[in-house]
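Examining the three-dimensional arrangement
As a plain string of letters, each chain reads:
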Amino acid sequence: MRGPSTLAARIGARIALSLLVVWILATVISLLVLMREMNASYDKTLQETAQRLLPLAISDYQLHQVGLFELRPDLSLLQNIDLGLTHRILSDQPEYLLYQLRDWQGKVLLRSHNAPMNPMLPNVKPGFSSLEHFRLYTASSPDGRFHIQVAESVKHRYGALVDSLILFLLVF
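Residues numbered from 1 in each chain as written. Predicted model: local features only at pLDDT ≥ 70, side-chain atom pairs only at ≥ 80, totals over all residues. Heavy atoms only, no water.

1. Observations regarding the side chain of S141
By secondary structure assignment, the location of S141 is in the loop between β4 (134-140) and β5 (146-153). At 2.6 Å, the side chain of S141 forms a polar contact with the side chain of D143. Apart from the residues lying within four places of it in its own chain, the contact partners of S141 are L54, I58 and F146. (Helix = DSSP H or I, 4+ residues; strand = E, 2+ residues; numbered from the N terminus. Polar contact = N/O pair within 3.5 Å; in protein donor to acceptor, adjacent residues only side chain to side chain. Contact = heavy atoms within 4.5 Å.)

See below:
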């Protein structure tokens with residue numbers, strides 16, 4: 001098959017090809033920037049969640065330890081949050097976050113219902129960690145006795161990126 005024979009057709013084909021290359025390049029760069037910004041935003045949210053959840057989880061654990069939780073379950077700070085959000089508003093929504101409260105030796109003391117019974121990580125070093133299916137943030141109490149590990153599903157995190165990619169491709 002022969003290419004365009006007239007000068008206008010050749011110029012038009014080159015312009016169309018150049019625009020396609022520029023569009024693909026702009027899409028790739030945009031997705032890389034979007035991925036970096038989304039990861040930073042998700043990490044910040046994961047960190048804030050762990051820091052806010054730590055005192056609530058410690059309080060609930062201490063209620064369990066002294067036996068008040070069985071007598072007065074309404075004292076549970078985590079359960080009240082859970083009832084306020086998960087059961088009323090988000091009952092049909094999947095849960096993307098899970099947590100484990102651990103002691104200074106790494107033993108799991110308290111966990112969300114969707115968290116594994118065994119420690120998610122062998123160590124309790126504060127900061128971010130990545131597993132095959134989760135991104136984790138570990139926060140520690142000021143005295144170092146308690147650590148909370150909050151994890152987010154990587155599938156959820158990158159699902160938003162795939163949706164963005166599909167939208168970018170649909171524009172073309």
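Read on for the rest.
2. Considerations on the sheet that holds strand β3 (residues 127-130)
Strand pairing in a sheet takes place through backbone hydrogen bonds and is either antiparallel or parallel in direction. Reading across the sheet, the 5 strands line up as β2-β1-β5-β4-β3 and stay open at both edges, with antiparallel pairing between neighbours. The open sheet has two edge strands, β2 (108-111) and β3, and neither has a second partner. Recorded for the sheet is a direction-independent mean angle of 25 degrees between the axes of neighbouring strands. Sheet topology note: the strand β1 (residues 97-103)/β2 ladder contains 3 bridges and is antiparallel. Looking at β2, one finds that Q100 is bridged to R111. (Pairing = 2+ DSSP bridges. Axes fitted to C-alpha atoms, helices over the stretch in contact; angles between N-to-C directions.)

3. Some thoughts on the pairing of β4
Burial analysis of β4 places 5 of its 7 residues in the buried class, the great majority of the element. Here β3 runs beside β4; their pairing, made up of 4 bridges, is antiparallel. For S129, the partnering residue across the bridge sits in β4 and is L136. Once β3 ends, the chain turns through 3 residues before running back antiparallel as β4. Hairpin connection between β4 and β5: a loop of 5 residues separates the two successive antiparallel strands, and G144 in this loop has a positive phi of roughly 80 degrees. (Buried < 20%, exposed > 50% of the residue type's maximum accessible area, 1.4 Å probe, protein only.)

4. Quick notes on the pattern of salt bridges
Taken as a whole and assessed by the stated rule, the structure comprises 5 salt bridges. The salt bridge involving D43 is made with R157; its shortest N-O contact spans 2.9 Å. Of the two residues, D43 is situated in helix α1 (residues 7-66) and R157 in helix α4 (residues 154-171); the sequence distance between them amounts to 114 residues. You'll find D43 and R157 in the same group, each marked buried. Several salt bridges converge on common partners, so that one network encompasses D43, R135, E152 and R157. (Salt bridge = Lys/Arg side-chain N within 4 Å of Asp/Glu carboxyl O.)

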